[in-house]
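# A closer look at the structure
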Amino acid sequence: RSRGLLAAVRSDVRNVEAAEEAFYADYDRYGSASELEAARGMTGSPGTSITITASATGFTVEASNSAITSSITGCEVKVGSDAGPGLDGKITCP
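Here's a quick rundown of the structure.

About the thresholds
Residues numbered from 1 in each chain as written. Predicted model: local features only at pLDDT ≥ 70, side-chain atom pairs only at ≥ 80, totals over all residues. Heavy atoms only, no water. Helix = DSSP H or I, 4+ residues; strand = E, 2+ residues; numbered from the N terminus. Rg over C-alpha atoms; globule rule 2.2 N^0.38 Å. Contact = heavy atoms within 4.5 Å. Buried < 20%, exposed > 50% of the residue type's maximum accessible area, 1.4 Å probe, protein only. Pairing = 2+ DSSP bridges. Disulfide = S-S within 2.5 Å.

## Description of the overall build of the protein
Broken down by element type, the protein carries two helices and three strands. Each helix and strand of the protein, ordered N terminal to C terminal, gives the series α-α-β-β-β. In terms of overall size, the protein behaves like a compact globule, its C-alpha atoms giving a radius of gyration of 13 Å where 94 residues would be expected to give roughly 12 Å. Considering only contacts in the protein between residues 6 or more positions apart, those separated by 24 or more positions represent 39%.

Here it is in structure tokens:
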């Protein structure tokens, strides 16, 4: 069950990343979770908690699900200035 939940978390991160890029194309800035929900209808999977930290030059998306029983309970992606070398747009599940 945890594998399926983690796959849903990873998918949510990927979907939020795409929604952020579309939001940026429309508004020339990155959006908050509530702005993405209003503009793009973006919501996460049931039980998934999503945090978005946006700046003028990038964003970070962190998502997790407390029902996951393995040691890895979430994933993240960093884009733009928020990313380190080689991590821009790469989804990681530490």
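## A look at the pairing of strand β2 (residues 58-65)
For β2, the buried fraction is high: six of the eight residues fall into the buried class. Taken together, the seven bridges between strand β1 (residues 48-54) and β2 define a ladder with antiparallel strand orientation. From the neighbouring strand, Thr 53 faces β2, where its bridge partner is Thr 60. The turn linking β1 back onto β2 is made up of three residues.

## Some points on the state of the cysteines
Within this structure, the stated rule accounts for one disulfide. Across the disulfide, Cys 75 is cross-linked to Cys 93 (sulfur-sulfur distance 2.0 Å). Between Cys 75 and Cys 93 the sulfur-sulfur dihedral comes to about 95°; the bridge is accordingly right-handed. Here the residue Cys 75 occupies a position in strand β3 (residues 74-80), and Cys 93 occupies one in the segment after β3, the gap between them amounting to 18 residues. This pair shows no difference in class: Cys 75 is buried, exactly as Cys 93 is.

## Concerning unusual backbone geometry
You will see that Asp 28, though not glycine, has its phi angle at about 60°, which is positive. Position of Asp 28 relative to the elements: it lies in the loop between α1 (2-27) and α2 (33-40).

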